[in-house]
Structure formats: C-alpha cells, structure tokens
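Fold and contact review
Spelled out, the chains give:
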Amino acid sequence: MSYFLTLNPLNLINALPGCIAQGLIWGIMALGVYVTFRLLNFADLTVDGSFATGGAVTVMLTLAGFPVPVALLIAVIAGLASGLITGLLHTSLGIPPILAGILTQIALYSVNLHIMDMSANKAISVQKYQLLISLMHVPGAILTGGIFAAFLIIILYWYFGTEQGSSIRATGCNPAMSKANGININFTKVLALSISNGIVCLAGGLMAQYQGFADINMGRGSIVIGLAAVIIGEVFGDALFRKHMNFALRMVFIVLGGVIYYIVVGIVLWLKLNSNDLKLFTALIVAIFLAVPYLQGKRRNSFLRTAKASEAALKAMNDREVN
Amino acid sequence: MLHIIDIHKTFNPGTINEKAALNGVNFYLDDGDFCTVIGGNGAGKSTMLNAVAGVWPIDEGVILLDNKNITGVPEHKRAAYLGRVFQDPMTGTASTMEIQENLALAARRGKSRTLGWGITRQEKEKYRELLKMLELGLEERLTSKVGLLSGGQRQALTLFMATLQQPRLLLLDEHTAALDPKTAEKVLKVTDKIIAENHLTALMVTHNMKDAIAHGNRLIMMHEGKVILNISGEEKKKLTVADLMHQFEAASGEEFTNDKAILA
Ligand SMILES: Nc1ncnc2c1ncn2[C@@H]1O[C@H](COP(=O)(O)OP(=O)(O)OP(=O)(O)O)[C@@H](O)[C@H]1O
Ligand SMILES: [Mg+2]
C-alpha cells in the first residue's frame, strides 16, 4: 500500500514529454531497421555498432569545431560506410546475414573507441554548442525530432517508389525473380544496408545531442528497440487502418511505435521497477508483439478449434442417427 | 541465333554428391524457332535452361546468343536478352508487390534502375489495356498484391512479364506443370499466342509428349545430360507419341518402361 502512495501521477506526466522526444529519435532509428528487416528481408545487427558510430562522429566533429549539421551529415556518411562493409561481407565473401552484421558491429566497437579518442564517453554541452536537439529543451526536441522524422518519411516514400527503390523491394521479396528481371541483387543488398545504417547513424547523432554525450555503449540493444518500434507500429497501424494501410502510413506508425515504446518505458520507470531490468523488459515487449499476430492467426486457424468443432459435428450426426 | 556448343556441368564436383548433369550438350536454334524439350526426370532439361540463363557458370563449352559469346556473362546481365518462366508459380513474381509493380519491374529488364518513378501513369494505362489479352480479369486488379493470385494466374502473369519487354529468347521450364489440366491448356494457348504474335524464339520444357508434339516447329529429347533426339521441319509435323517412344529406345538403347511414363 505504501508503495502506491509513493507513486505520484504528476511525476509520470512530467516525464512524458521526454519519453516522446526520445521515442521519436528511436522511431527514426527504427525506419532504418525497417529498410533492412522488412524491405530487404535481412536481419542486420550492424546497427548496435553504427548507432554509437553516429553519436561518436557527431560529438567529436562538433567538439572539433564543425557546424552541427555538417557533423551530422558526416555521421550519416559513416553510417553508409558501415552498411557497405556488412553488405560486402555478405555479398562478396558469402558470410551469412546475421554473422556479417555481428562482425561489423564488433569491429565498430573498436572503431568507435578510436573516434572518441579512446574514451568511453564524450560529453557535449548544449550551452557551448549549437545543438539541434537537447533534453534541456524538451518541446523543441519533440519539434525537431518530428521534423526529422517527417522529412525522412517523405524521402523514403519517394525513394522506394523509384526504379531503384523498387528493385530493392523486389530483391527482398524474391531474389530469383529479381535476377531473372535483370536486377543485380548484390548491388541492391549493399545499397539497402548502406541506406539503413545511414539512417541509424543519423538517429545516433541526434540521440548523442539529445542526451548531451556520446557513449561507447549507447547502441547496445538498439536492434531490439528498433524491432520493437517496427513491430509495435505495424500491429497498431494494421489494427487501426486494416486494408487502408499504405507505405507512408506504415512508416508514420513505425515512428509512433518508437514513441509508444518509450512511453511504456517511462511508465515502467515511474513504477520504480529496477532500471537494470529494462533490457529484460524490452525483450518481453518485443516477444509479446511478435507473438500477437501469430497467435491471432493461430486462434482463427487452429487444430484445437477444428478438433472441438468436428467432435461437436460428429456428435450431432450420431445423435441424429440414434433418433 | 542460339548456339549451344558442347556444354558440360557437374554439380558438387569431388564430393559424394557429385552429379554430372550436362555431358556435352549440342544444338542450335534459328531465329523464330519454337523448340520443345522433353526427357525423363533428371535428364538435365532444367540444368540446360539454367545454363543458358546463367544461373551459375558452366564448366566447359560455349553459349552464343546472336553470335555473341555470353558464356561468361552473369545472370542479371543476360536477363536483358532472356524472358523466363519457371516450373514453380512462386518463382516468377514478387508476391508482396502489386501486379502493376511486377509488370513495371519486368518492363525495365535489361535497363539500369534509375531514380525515375518505378511506375508511371502512362504505364498503368498501358498495362490495363495489355492485360486484357490474358482474359483473366487481371486488368481490374492492377493494385492487388500478386500473392493473392492463383498459381495459374501467376504463371500467366509471369509469362506476360517475360515477354513485356521483347526477349531475344524465351525460356519456359515446365511452366504449366503445377497447374490443373484446364488452366494448363489455357496458359499454353496464351504461350502460343504470345510467341506467334511477337515472332519469339523459344525453348519450352514439358513432360507432356502430346504438348511437345503439338507445339512449336522443333523438338529435342534429352537423356542423361545429352541431346539424344533433334527433330524439325516436316518430320516434326508428322510425329506421333509412338514414334517418339521408338526413337527414344533407339537413341538411348534403353527400353521405354513405365516409369518413364512421366513423358506421356
Ligand atoms: N543445383 C543443383 N545442385 C546439385 N544437383 C543438381 C542441381 N540442379 C540439378 N541437379 C541434378 O542434376 C540432374 C539434372 O537435373 P535437372 O533438374 O536438370 O533435371 P530435369 O531434366 O529438369 O528433370 P525434371 O523433369 O525432374 O525437372 C539431376 O540429377 C539433379 O539432381
Ligand atoms: Mg526440371
């Protein structure tokens, strides 16, 4: 009882805007995950490394005197390069997708340390630098996050409607058909991995600014958060819009998926659950949301159900015969 | 136009699964030839078509298309000259994409994929018109996902896609085998029509001897990775199933047993 008395609803309300801002940044990151996980059908684990790369490059270049937008742009280029590495490991050296991603991710850990002058954490002050987004000013952060997400959705919507973007989608859906139609699937795979990690680095750069530091571990588990956002967004989007779901709406919902995820995290923290259990909790959410569509389909389509129905039908037939 | 000169292919060489699938295949097609290919299971028919399509490099031999050596050209580049339909209806189309998107992908076969629109409004109009010839009502379902179509509809669509951008050579690998007899007949009819109207050169694998005789102006029979029969012209026109069985026995030195009845 005394536990509930310590929970102040005002604290939750005060924490919500921050959750929304962080959720938007993770939602942007999730758009990158969506490109590989759903469109290319490639579970890319590079992102745990490249998210931190984005933060490290942005912070270090800003500290070195580059304008923040330029630093962020170079971070995106670093992301394109990390995706390129994973892509080449897979297409040129024949390494399976998951392993190719893990190799790049591990390598990036050292690379990120080098970028950050061998320190695990680099702070950047919003007072001294013109950061685009910061937790010191949450309403502005939500606005900036929203603008970045909106721009990205527009660009991706356009790109995946082009000939090149369509060839990436075809590759993810049916590689044999793609080759038969003249698509160089090694090229499209590398391209999609690069684009995805470019987006992830952009999100990493925004996150480092928001929290005021880059950290060597800031990307740990980000693939799971990204997947969580993608899946939560899809489940909600499909539930609300059903047949009217289109590509643009889907991306909007994925960004919202990131926001929902962070609001739930905020609630968990508000309930004073141990924040060390957050990863366990994240895994649980993802497992639940992955399971929901599967279990729904199963309920409609289960042997248990037909077993019961057929038993009942059989019984009815027997009864009729007896009479 | 197509010259296949002594091509060899062995799968998994040096392992316990070693399998010599092509043992010196030789034949050529003239412009406009429509050649049916028959042979028992494992004779090497699909392997021969895959060799022409460049699914993997062959071990030995030469493949010329229009007198150009394409033996070393990778699959996605050869696609510029080839239209293909596969045995499995799932293989030829992208199921999560719309019918019109699939068509647009096929219309760009052999062209570089730019940042221009993946499909234009004029194209959509054009596809709506063209699809009417299939008589499957697909012209009303341009924005449906291909995954919603039946196997027969998907094969007809794949065939249509393979010829949308005129290929130099059309490769059909038992493209009606997975369909019920009625649908198979319908798809075969469309095949004949498309080949005739566009004066295409085509290779069509089939297990059905009657179909092999009824369609096309040429026929080859494969056995153990070789072409053992090559029939054309007047001889092809007068051919019967009984003739084919005798010729098979003469050429292969094997009796035409019941387990080869898959040919019938
Ligand atoms: N990718 C592959 N790897 C290993 N062996 C293969 C491969 N493709 C074909 N083979 C083998 O090569 C031989 C010829 O196969 P192919 O598929 O060409 O026969 P086919 O004439 O098309 O037969 P079917 O009528 O059954 O389709 C078979 O023994 C087959 O097992
Ligand atoms: Mg075959």
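Above this text sits the structure in question.
Just so it is clear, the model here is predicted, and its values are computed rather than measured.

Here the focus is the nonpolar core. Counting residues in hydrophobic clusters, the biggest one holds 71 residues, and the most contacted among them are A:Ile28, A:Met29, A:Leu31, A:Phe51, A:Tyr210 and A:Tyr261. Of all the secondary structure elements, the ones that give two or more residues to this core are α2 (9-40), α3 (47-63), α4 (68-91), α6 (138-159), α9 (185-211), α10 (222-241), α11 (247-270) and α12 (278-300) of chain A. The element best represented in this core is α2(A), accounting for 14 residues. Those residues in contact with A:Ile28, other than ones at most four positions away along the chain, are A:Gly145, A:Phe148, A:Ala149, A:Leu152, A:Ile199, A:Leu202, A:Ala203 and A:Leu206. The next biggest cluster of nonpolar side chains, apart from the first, holds 37 residues, and it includes B:Ile119, B:Leu170, B:Val190 and B:Met204.

Right, let's get into the side chain of A:Thr36. The residue A:Thr36 is located in helix α2 in this model. Among residues more than four places away in sequence, those in contact with A:Thr36 are A:Asn41, A:Phe42, A:Asp44, A:Ala192, A:Leu193 and A:Ser196.

Here the focus is the side chain of A:Thr58. All names here are of chain A. With respect to the helices and strands, Thr-58 occurs in helix α3. Classification of Thr-58 as buried rests on a relative accessible area of 1%. Within polar-contact distance, the side chain of Thr-58 engages the backbone oxygen of Gly-54 at 2.6 Å. When neighbours within four sequence positions are excluded, Thr-58 is seen to be in contact with Ala-71, Leu-72, Ala-75, Gly-205 and Gln-209.

What follows deals with the site of ligand 1. Residues and elements named next belong to chain B. Within the structure, ligand 1 sits among 14 residues, and Asn-41, Gly-42, Lys-45, Ser-46 and Thr-47 are positioned closest to it. Within the backbone of Gly-42, an N or O atom sits 2.9 Å from an oxygen atom of ligand 1. A distance of 2.9 Å separates an oxygen atom of ligand 1 from a polar side-chain atom of His-207. Surface burial for ligand 1 is 65%, taken as the share of its 630 Å² of free accessible area covered by protein chains. Elements that contribute at least two residues to the shell around ligand 1 include exactly β2 (19-29) and α1 (45-53). Sorting elements by how many residues they give to the shell around ligand 1 places α1 first, with three residues.

End to end, helix α5 (residues 151-164) of chain B covers 20 Å across 14 residues, agreeing with the expected 20 Å (1.5 Å per residue, within 8%). Burial of α5(B) is extensive: 12 of the 14 residues sit out of reach of the surface. All of the buried residues along α5(B) are B:Gly152, B:Gln153, B:Arg154, B:Gln155, B:Ala156, B:Leu157, B:Thr158, B:Leu159, B:Phe160, B:Met161, B:Ala162 and B:Thr163. Those residues of α5(B) that are buried are in contact with α8 (175-180) of chain A together with β6 (82-85), α3 (99-107), α4 (121-131), β7 (169-173) and α6 (181-197) of chain B.

Another aspect to go through is the pairing of strand β4 (residues 60-65) of chain B. Residues and elements named next belong to chain B. Alignment of strand β1 (residues 2-11) against β4, held across five bridges, turns out to be antiparallel. Along β4, the bridge assignment pairs Leu-2 with Leu-65. Hairpin remark: β4 followed by strand β5 (residues 68-69), antiparallel, with two residues in the connecting loop; positive phi at Asp-66, about 50 degrees.

Each value, and the rule that gives it
Residues numbered from 1 in each chain as written. Chains lettered and ligands numbered in written order. Predicted model: local features only at pLDDT ≥ 70, side-chain atom pairs only at ≥ 80, totals over all residues. Heavy atoms only, no water. Core = buried A, V, L, I, M, F, W, Y, C linked by side-chain atoms within 4.5 Å. Buried < 20%, exposed > 50% of the residue type's maximum accessible area, 1.4 Å probe, protein only. Helix = DSSP H or I, 4+ residues; strand = E, 2+ residues; numbered from the N terminus. Contact = heavy atoms within 4.5 Å. Polar contact = N/O pair within 3.5 Å; in protein donor to acceptor, adjacent residues only side chain to side chain. Near = heavy atom within 4 Å. Areas by Shrake-Rupley, 256 points an atom, 1.4 Å probe, with all protein chains shown as cover. Expected span 1.5 Å × (residues − 1). Pairing = 2+ DSSP bridges.

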